[in-house]
Amino acid sequence: MRTVLGDVPPDALGVCDAHDHLFLRSPVLPGQELDDPVAADARLRAFHGLGGRTVVQWTPYGMGRRAALLAELSRTTGTHVVAATGLHQAVHYPAELLDGIRDGLADLFVSELTGGIGSTSVRAGLIKVAGAFHAVDAHARLTMTAAAEAHHRTGAPIAVHLELGTAALDVLELLCGTLGVPPHRVVLGHLGRSPDLPAQREAARSGAFLAFDGPSRAHHATDWRLPEELAALADDGFAGQLLLGGDTTVPETPGMPHLLRRLRPRLTEVLGADTVERILVANPARAFAFEAPAA
């Protein structure tokens, strides 16, 4: 697994928040930036104090990752941090920025995975892309095609923001069916925001990892449906593909500490300690590990 401080064996990761953000900036969230190093340090230390040992940060290119500071926070808190390359939906970027990188996306992703982010030596450990609401639009097709090429060249995992939990099957059809990415190298994010169990089961049958992230969002079907969703998927034999994340996107998000302090006990009561341990430890260790690139 490629962390901001270098590669570590997956079995060294411990309890993992599989989708979160320490720093994040977007024009669609004016005044709600995650850009405070002191607050980021506090969140990371709170998570570590509850037994958390790894945070997978899904903030991609051009959204305020602060790679050098991620490395510093990882070092001072003793917590593994994984950074992302990739690209979010077009709405998160100025048009001129997208125009400047559109023709070289795959090379950009590979460079950040193998050389470093910006002028730093901090390397990304995953490729983050995003779908549209119930669709894979032209921008998503562009970024996913570049992500697939970068995956084939590096062996890096691909994590996908599903808009309100939708279009999982369309994403899999493109990434895995058309572009040849093995399904177990794909992490589908935000599935709990669209509690469509038949669609979740079909996505799980592909072999992809299913991330349930962003707990305690008042306008999403998250916490109150989550135990029954995970229990149903585990009962169907998919416990080894489930992931949990806090997805801190604005300062008010309960995020990392909430994941372990409040959500873990509730899930343990329903799923049992062994299954929850598997979801928090063993599954992310497999989901985010690098594999040998395609020949």
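Right above here is the structure, for reference.
Residues numbered from 1 in each chain as written. Predicted model: local features only at pLDDT ≥ 70, side-chain atom pairs only at ≥ 80, totals over all residues. Heavy atoms only, no water.

**So, the environment of Ala282**
For Ala282, the location among the structural elements is in helix H10 (residues 273–287). With relative accessibility at 38%, the residue Ala282 sits in the partly exposed group. In sequence terms Ala282 and Pro10 are 272 residues apart; their C-alpha atoms lie 8.6 Å from each other. (Helix = DSSP H or I, 4+ residues; strand = E, 2+ residues; numbered from the N terminus. Buried < 20%, exposed > 50% of the residue type's maximum accessible area, 1.4 Å probe, protein only.)

**Observations regarding the environment of Ala234**
Tracing the chain through its elements places Ala234 in helix H8 (residues 226–235). The spatial distance from the C-alpha of Ala234 to the C-alpha of Arg66 is 37 Å, given a sequence separation of 168 residues. Those residues in contact with Ala234, other than ones at most four positions away along the chain, are Ala239 and Leu242. (Contact = heavy atoms within 4.5 Å.)

**Points about the packing of aromatic side chains**
Counted according to the given criterion, the structure contains 0 aromatic pairs. Across the ring face of Phe290, the terminal group of Arg2 is positioned such that the distance to the ring centre comes to 4.4 Å. Taking the ring centre of Phe23 as reference, the NZ or CZ of Arg66 above it sits at 5.5 Å. (Phe/Tyr/Trp six-rings, centres within 6.5 Å; stacked < 30°, edge-to-face > 60°. Lys NZ or Arg CZ within 6 Å of the ring centre and 35° of its normal.)

**With respect to the sheet that holds strand S8 (residues 158–161)**
Strand order in the open sheet made by the 6 strands is S6-S7-S8-S9-S10-S11, with parallel pairing throughout. Two strands close off the open sheet at either side, each with one partner strand: strand S6 (84–86) and strand S11 (242–245). Each strand axis lies, on average, 30° off the axis of its neighbour in the sheet, ignoring direction. Against the sheet, helix H5 (residues 138–154) touches strand S7 (126–130) and S8, its axis set at about 165° to S7. (Pairing = 2+ DSSP bridges. Axes fitted to C-alpha atoms, helices over the stretch in contact; angles between N-to-C directions.)

**Comments concerning the pairing of S8**
Across the two faces of S8 the burial is the same, with Ile158 and Val160 and Ala159 and His161 all buried. Looking at chain direction, S7 and S8 are connected through 4 bridges and run parallel. Looking across to S8, one finds that Ile127 is bridged to Ile158. Between S7 and its parallel partner S8, the chain crosses via H5, and the hand of that crossover is right-handed. With 4 bridges connecting them, S8 and strand S9 (residues 186–189) associate as parallel partners. When the bridges of S9 are listed, Val160 appears paired with Leu188. (Right-handed = clockwise from strand over helix to strand, strands pointing away.)

**Topic: helix H4 (residues 105–114)**
Where burial is concerned, most of H4 is hidden: 7 out of the 10 residues are buried. Leu105, Ala106, Leu108, Phe109, Val110, Glu112 and Leu113 are the residues of H4 that are buried. Residues of H4 that are buried make contact with strand S1 (2–3), S6, helix H3 (95–101), S7 and H5. Positive phi appears at Gly116, one or two residues downstream of H4, with a value of about 155°.

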